Amino acid sequence: MAIIELTHDYAATPEDVWALAIDFETLAEVCKPLIQFEGLPQGRCETGMKADVMVSIYGKLPAQPYAMEVLECDDAAMVLRSREKGAGVKRWNHTLRVEAHGTGARLLDHIEIDAGFLTPIFVWWGRKLYQHRHKPRQRLLGEA
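The rules behind these values
- Residues numbered from 1 in each chain as written.
- Predicted model: local features only at pLDDT ≥ 70, side-chain atom pairs only at ≥ 80, totals over all residues.
- Heavy atoms only, no water.
- Helix = DSSP H or I, 4+ residues; strand = E, 2+ residues; numbered from the N terminus.
- Buried < 20%, exposed > 50% of the residue type's maximum accessible area, 1.4 Å probe, protein only.
- Lys, Arg positive; Asp, Glu negative; His and termini not counted.
- Salt bridge = Lys/Arg side-chain N within 4 Å of Asp/Glu carboxyl O.
- Contact = heavy atoms within 4.5 Å.
- Polar contact = N/O pair within 3.5 Å; in protein donor to acceptor, adjacent residues only side chain to side chain.

Chemist: Please provide a residue-by-residue account of the side chain of Asp109, values included.
Modeler: Structurally, Asp109 can be placed in strand E7 (residues 104-114). Buried charge without a salt bridge: Asp109, with Arg137 as the nearest opposite-charge side chain at an N-O distance of 4.7 Å. Not counting residues within four places of it along the chain, the set of residues in contact with Asp109 comprises Ile4, Glu5, Leu6, His94, Thr95, Leu96 and Tyr130.

This is the structure we're talking about:
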């Protein structure tokens, strides 16, 4: 198992960043073009939600099954915890936290990855993906 931790700051309010971070339509948007989803639920994350989707790297590789379960989506604490697996990953546990920071907000990602001997490759990919999400979020928040 390996861990990725990333921090991104935004000029927007914590509430606006949180609303963006837990919305499935936004998830699909901020992951483009690195990942394309088929079958994402509509609306926002809710505790207990389960979603079986298909994911395709760059929309070029064959779509693979991927399962996501929302373990916690706490609006008051602005914490989202999910357990995910599929497409070669045995375990992808993600904790997302939004907090006030300066005059804006800070989004913190903590991801635990287990993909067996392929873990280093998925850690590289996960870091790339989560760093990629920052600029589209800034654009959607009207910062860029």
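Chemist: Tell me what's going on with the pattern of salt bridges, and back it up with residues and numbers.
Modeler: Scanning the entire structure with this criterion turns up 7 salt bridges. Two residues, Glu46 and Arg44, come together in a salt bridge whose shortest N-O distance is 2.9 Å. Note on Arg44: relative accessible area 27%, which makes it partly exposed. Salt bridges sharing common partners tie together Glu29, Lys32 and Arg139.

Chemist: Please provide a residue-by-residue account of the environment of Asp75, values included.
Modeler: Topologically, Asp75 is positioned in the loop between strand E4 (64-74) and strand E5 (79-86). Overall, Asp75 belongs to the partly exposed group, its relative accessible area being 38%. Placed 60 residues apart in sequence, Asp75 and Glu15 show a C-alpha to C-alpha distance of 8.9 Å. Those residues within four positions of Asp75 in sequence are excluded, and the remaining contacts are Trp18, Ile22 and Arg44. Of the polar contacts made by the side chain of Asp75, one reaches the side chain of Trp18; its length is 2.8 Å.

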